[in-house]
Amino acid sequence: MLWGAGTLIRKIYVEATEAQENVPKAVTIQNYESLASYSWKDTEHPTIYVPGSSLPAGVQIVGVNKTPGTPPKFTPPLLPIQLQRDSLTHSKPRSPAAAVDPLFEALLHQHPDFNMSSIQVVSDRNSLRNLLSFASKGPGKWRIDVDMIDNTMFINQWEEFRLSMIIGHQDSGFGHAFEGCITTRESGMDAIHHERIVRYELGGLECLVRFEADAYLCADGDGGGDGDGHKRLASLSLDDPAPKNSKPVLKPPYKLVYVVSGGRDVDSDLIAEIKSCSTSKFDIRKALPQLWFSQTKYRCVGYHKEGLVTEEPEMKDMTEELRQWEAGSQERLKNMVRVIKEIRDIARTATKCVVVCNTVEGVKCLSVFARKGGDMAIRPGVVKRCWRRTGAA
């Protein structure tokens, strides 16, 4: 995990070594706003579907208003049903080291004049969960790469972990099969892995957070059909000119994404997280931080025995559970905010860093190193366009 790591700058410990400053009395998520979304097209060349019709300069459009970039719809099947065990998942069509490229292409497609100057932290949900786990004295070893552009700190999963997510795991049980069983893609949709981008304030930090969404519900909160909408989608022509296929790109030079415009977005209040469980009771405590960081309202759990599903999946509004979890997790959340701010203070001087979570001499800590080479892949035009003033906060 130390590839590209240079000089050790500082070690950050779970227990603060000095008084915590500038940490709010209560850490909550405030001013939540859903900004953009996109879905990965099932093709070798990195291609995303983005809702909306705005067309900023420099975005390469492959098709126009024909395929909606929405998450799958929750549509529970007739039971019982036997699932097939998950096998090696196919490669996700993305460029590992250009992790922020689809984020900005989707964001600028839906908000051509978006200004990043006020954003202090850009992160994926999983990295925030790792930082919370560290602040909670939880187990695990991991690495994130940190980059600064003006006042904005980018937290990116280390490339090796992104590659493992792309290539998939040899045996992930029945989770992927269950998710596919109870959801339906829009008619003619050849997309996978729906991603959403939200903005909110976390402990005094203005954050831009990206996360994967499993499904959405109908406006009435269940999987009931909207037949007219599906008939309308089914009638659309899907003759978009396909980008030329290429082999998956796992090393430089990385390919940047194509954008396919079209469709509609989904209300954040209708997004659901799907879990499968082979025991009699699902441990919701493990899922609450994941739901909290994305403010996902619904949690769906399906129970199975060796892949045999005989009971209806359990769909639950988690609003009250999330409120209680937030109230009972304040010390951990304050500690996490303190850690994020300390990393950001280091990165403002070092510009690019490696942060490794491990145990040193029996003590859990984050080792922050200067990073040699390995600049974050971002289009030069995006920097000029999105950061329209300089200065720190």
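Worth saying up front: this structure is predicted, and the values here are computed from it rather than measured. Note on numbering: residues in each chain are counted from 1, in written sequence order. Given that the model is predicted, a residue must reach a pLDDT of at least 70 before its local features are reported, and side-chain atom pairs must reach 80 or more before they are shown or counted; all residues, however, enter totals for whole chains, interfaces and linings. The basis for the side-chain values is all heavy atoms of the structure; hydrogens and waters are excluded.

Visitor: How do you make sense of the overall build of the protein when you look at a structure like this?
Guide: Across its full length, the protein carries nine helices and 20 strands. Long-range pairs, those at least 24 residues apart, make up 82% of the contacts in the protein with a sequence separation of at least 6. All accessible areas in this document rest on Shrake-Rupley with a 1.4 Å probe, and a residue is counted as covered only by the protein chains that are shown. Carbon and sulfur atoms make up 51% of the accessible area of the protein, which amounts to about 18,300 Å² in all. Helix and strand assignments follow DSSP, with helices taken as H or I runs no shorter than four residues and strands as E runs no shorter than two, numbered in order from the N terminus. In what follows, residue pairs with any heavy atoms lying within 4.5 Å of each other are defined as contacts.

Visitor: Looking at this structure, how should I read the pairing of strand E9 (residues 152-157)?
Guide: The side chains of a regular strand alternate, first on one face of the sheet and then on the other. Within E9, six of the six residues are buried, leaving the element largely enclosed by the surrounding structure. For each residue, the accessible area found with a 1.4 Å probe, counting protein chains only, is set against the maximum for its type, and the residue is called buried under 20%, exposed over 50%, and partly exposed in between. What you see with E9 is no split at all: Thr152, Phe154 and Asn156 on one side and Met153, Ile155 and Gln157 on the other are buried throughout. With three bridges connecting them, strand E7 (residues 121-124) and E9 associate as parallel partners. Counterpart to valine 121 in the pairing with E9 is methionine 153. Here six bridges tie strand E8 (residues 142-149) to E9, and the two strands are oriented antiparallel to one another. The partner of isoleucine 149 across the bridge, within E9, is threonine 152. Counting the residues that bridge the hairpin from E8 to E9 gives two residues, and of these aspartate 150 lies at a positive phi of roughly 55°. Should DSSP find at least two bridges between two strands, the strands are taken to pair.

Visitor: Would you take a moment to explain the nonpolar core for this structure?
Guide: Core analysis: the largest hydrophobic core is formed by 48 residues, its most contacted members being Leu131, Met153, Tyr200, Leu202, Met336, Ile343 and Leu366. Among the elements that line this core, the one with the most residues is helix H8 (residues 330-350), at eight residues. Excluding anything up to four places from it in sequence, leucine 131 contacts Trp142, Ile144, Ile155, Met336, Val339, Ile340, Ile343 and Leu366. For this analysis, a nonpolar core means a set of buried residues of the types Ala, Val, Leu, Ile, Met, Phe, Trp, Tyr and Cys, connected via side-chain atoms within 4.5 Å.

Visitor: Explanation requested: the environment of proline 76 in the structure shown.
Guide: Tracing the backbone shows proline 76 in the loop between strand E5 (73-74) and strand E6 (81-82). In the structure, proline 76 is positioned 108 residues away from threonine 184 in sequence and 9.0 Å away in space, judged by C-alpha atoms.

Visitor: Is there a simple way to think about the side chain of arginine 199 in this case?
Guide: Within the fold, arginine 199 resides in strand E11 (residues 191-202). For arginine 199, a relative accessible area of 18% corresponds to the buried category. Within the structure, the side chain of arginine 199 is placed 2.6 Å from the side chain of glutamate 33, a separation counted as a polar contact. Apart from residues no more than four positions distant in its own chain, arginine 199 is found in contact with Asn31, Tyr32, Glu33, Leu35, Phe114, Ile119, Glu206, Cys207 and Leu208. Counting of polar contacts relies on pairs of N or O atoms within 3.5 Å, with two restrictions inside protein: one atom must be capable of donating a hydrogen and the other of accepting it, and residues adjacent in sequence are counted only when both atoms are side-chain atoms.

Visitor: Any chance you could explain the confidence of the model for the protein here in plain terms?
Guide: In regions of low pLDDT, the predicted coordinates are not meant to be interpreted in detail. This prediction gives the protein a mean pLDDT of 81; 76% of its residues lie at or above 70. Per-residue confidence from the predictor is reported as pLDDT, a score between 0 and 100. Contacts for the low-pLDDT stretch residues 53-68, under 50 throughout, to residues beyond four places or in other chains number 51 contacts. Between residues 89-93, whose pLDDT stays under 50, and residues either more than four places distant or in other chains, the model counts 20 contacts.

Visitor: Just checking my understanding: could you explain the pattern of salt bridges for this structure?
Guide: Side-chain pairing between opposite charges can occur once the charged atoms of the two side chains come close. Just to be clear on terms, a salt bridge is a Lys or Arg side-chain nitrogen sitting within 4 Å of an Asp or Glu carboxyl oxygen. Following the criterion strictly, the structure yields 17 salt bridges and no others. One salt bridge connects lysine 275 with glutamate 273, and the closest N-O pair in it is separated by 3.7 Å. Across the pair glutamate 320 and arginine 323 runs a salt bridge, and its minimum N-O distance is 2.6 Å. Here arginine 323 and glutamate 320 lie together in helix H7 (residues 319-328), a separation of three residues that amounts to about one turn. Using a relative accessible area of 48% as the deciding quantity, one classes arginine 323 as partly exposed. Look at the salt bridges and you will find they share partners, linking Arg10, Arg338 and Glu342 into a network.

Visitor: So what exactly am I meant to see when it comes to the packing of aromatic side chains here?
Guide: In this description, a pair of aromatic rings is defined by centroid distance and the angle of the planes. For this analysis, a ring pair means two rings from Phe, Tyr or Trp (six-membered ring only for Trp) whose centres lie within 6.5 Å, classed as stacked if their planes differ by under 30 degrees, edge-to-face if by over 60, and tilted for the remaining angles. Summed over the entire model, instances satisfying the criterion amount to seven aromatic pairs. Relative to phenylalanine 154, the ring of phenylalanine 104 lies with its centre 6.1 Å away and its plane at 50°, an arrangement referred to as tilted. Here the residue phenylalanine 104 occupies a position in helix H1 (residues 101-110), and phenylalanine 154 occupies one in strand E9, the gap between them amounting to 50 residues. On the accessibility criterion, phenylalanine 104 (1% relative accessible area) is buried. Phenylalanine 154 gets classed as buried once you look at its relative accessible area, which sits at 0%.

Visitor: Looking at this structure, I do not really get the packing of helix H2 (residues 125-135) against H8. What am I missing?
Guide: Angle between the axes and distance between the axes: these two values describe a pair of packed helices. Note on geometry: axes are C-alpha line fits, over the in-contact stretch for helices, and angles between N-to-C directions span 0 to 180 degrees. Running from N to C, H2 and H8 cross one another at 115°; their axes reach a closest spacing of 8 Å. As judged from the angle between their axes, H2 and H8 are roughly perpendicular. As for how H2 packs across H8, the hand of that crossing is right-handed. Only Arg332, Leu333, Asn335, Met336, Val339, Ile340 and Ile343 of H8 make contact with H2, whose side of the interface consists of Leu128, Leu131, Leu132, Phe134 and Ala135. When grouped by side-chain class, the residues that make up the contact of H2 with H8 number ten nonpolar, one polar and one charged. To sort the angles, those under 35 degrees are grouped as roughly parallel, those over 145 as roughly antiparallel, those from 65 to 115 as roughly perpendicular, and the leftovers as oblique. The sense of a crossing depends on the near helix, which, turned anticlockwise from the far helix by less than a right angle, makes the crossing left-handed and, turned clockwise, makes it right-handed. Think of it as three bins: nonpolar holds Ala, Val, Leu, Ile, Met, Phe, Trp, Tyr, Cys and Pro, charged holds Asp, Glu, Lys and Arg, and polar takes everything else, Gly as well.

Visitor: For this particular structure, what's the right way to read H8?
Guide: Residue pairs three or four apart in sequence face the same way in an α-helix, which turns once every 3.6 residues. An expected span of 1.5 Å times one less than the residue number is assigned to each helix. The terminal C-alpha atoms of H8 lie 30 Å apart, and with 21 residues this matches the ideal 30 Å at 1.5 Å per residue to within 8%. Burial of H8 is extensive: 15 of the 21 residues sit out of reach of the surface. Just past H8, the residue threonine 351 takes up positive phi, approximately 75°.

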